[in-house]
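Coordinates in review
This is what each chain is made of:
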Amino acid sequence: MKTEQTVAVLNDLLQITNDRIEGFEKVEGKVWEMYPDVKDEYDRMISQSKIMKNELINLITEKNGTPQDSPSVAGTLHRAWIDIKNSFTLGNLEESTLGNVVFGEKAAIDAYQKALASGDLCEKSSKVVSEQLHSLKDSYNQFKKIEDYKKE
């Protein structure tokens, strides 16, 4: 396995994690007034994402790689699209926001699973990425439950 491939995969995950942080921070405040019970979960996800980010940066630098510590172009475009879509949403903005979070968490899960399946990660990186994937799945399930509950 080549170190460059490992660093490339880790940098992809780093950008996804940065997308996640920006996405969570962007929705902050849109829902809290009506449903303050959701705020703690968002805050927890932002903190978790920042820890994940630091872990990925550490793995990249251990491999003598350069962390690409910025959001992805696709993530930036997706957030812009969400803003445009929400400006025309006639209905429950909170449901739309929760749906976007669930969508984002599912996309992150898919990327992490693909990274693990690629065979491009060393043992240590695989262990960290696997642990992060577990956290993403927990987050996805939590927000999916909240989304489903709010629809009832």
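Residues numbered from 1 in each chain as written. Predicted model: local features only at pLDDT ≥ 70, side-chain atom pairs only at ≥ 80, totals over all residues. Heavy atoms only, no water.

1. Notes on the overall build of the protein
Looking only at helices and strands, the protein has 5 helices and 0 strands in total. By residue count, 40% of the 152 residues in the protein fall in the buried class. Considering only residue pairs separated by 6 or more positions, the protein has 80% of its internal contacts joining residues 24 or more positions apart. On the protein, roughly 8,500 Å² of surface is accessible, and the fraction owed to carbon and sulfur atoms is 54%. (Helix = DSSP H or I, 4+ residues; strand = E, 2+ residues; numbered from the N terminus. Buried < 20%, exposed > 50% of the residue type's maximum accessible area, 1.4 Å probe, protein only. Contact = heavy atoms within 4.5 Å. Areas by Shrake-Rupley, 256 points an atom, 1.4 Å probe, with all protein chains shown as cover.)

2. Considerations on the side chain of Ser 49
By secondary structure assignment, the location of Ser 49 is in helix α2 (residues 39-62). One polar contact links the side chain of Ser 49 to the main-chain carbonyl oxygen of Met 45, over a distance of 2.8 Å. What Ser 49 contacts, discounting residues up to four positions off in sequence, is Thr 17, Arg 20, Ile 21 and Phe 24. (Polar contact = N/O pair within 3.5 Å; in protein donor to acceptor, adjacent residues only side chain to side chain.)

3. Overview of the nonpolar core
Formed by 19 residues in total, the largest nonpolar core has its most connected members in Leu 10, Leu 13, Leu 56, Tyr 112, Leu 121, Val 129 and Leu 136. At the level of secondary structure, the elements contributing two or more residues to this core comprise α1 (3-27), α2, α4 (93-117) and α5 (123-151). Setting aside residues no more than four positions away along its own chain, Leu 56 makes contact with Leu 10, Leu 13, Leu 14, Thr 17, Tyr 112, Val 129 and Gln 132. In terms of nonpolar packing, the next biggest core, distinct from the first, is built from 9 residues, Val 38, Tyr 42, Met 45 and Val 102 among them. (Core = buried A, V, L, I, M, F, W, Y, C linked by side-chain atoms within 4.5 Å.)

4. So, α2
The first and last C-alpha atoms of α2 sit 35 Å apart over 24 residues, in line with the 34 Å expected at 1.5 Å per residue. Those residues of α2 lying buried are Glu 41, Tyr 42, Met 45, Ile 46, Gln 48, Ser 49, Met 52, Leu 56, Ile 57, Leu 59 and Ile 60. Following α2 by one or two positions, Asn 64 has its phi on the positive side, about 60°. (Expected span 1.5 Å × (residues − 1).)

5. Structural notes on the confidence of the model for the protein
Predicted confidence across the protein gives a mean pLDDT of 79, with 70% of residues reaching 70 or more. When pLDDT is averaged over each helix and strand of the protein, the minimum, 49, is found for helix α3 (residues 73-87) and the maximum, 90, for α2. Confidence over residues 77-81 falls short of pLDDT 50; this stretch has 6 contacts with residues more than four positions distant or in other chains. (pLDDT = per-residue confidence, 0-100.)

6. Things to note about the pattern of salt bridges
A full pass over the atoms with the stated rule returns 4 salt bridges. Across the pair Asp 110 and Lys 106 runs a salt bridge whose closest N-O atoms are separated by 2.9 Å. With Asp 110 and Lys 106 both in helix α4, this residue pair falls 4 residues apart, about one helical turn. Here Lys 106 falls in the partly exposed class, since its relative accessible area comes to 37%. (Salt bridge = Lys/Arg side-chain N within 4 Å of Asp/Glu carboxyl O.)

7. Section: unusual backbone geometry
Non-glycine residue Asn 64 carries a positive phi angle of around 60°. Checked against the element boundaries, Asn 64 lands in the loop between α2 and α3.

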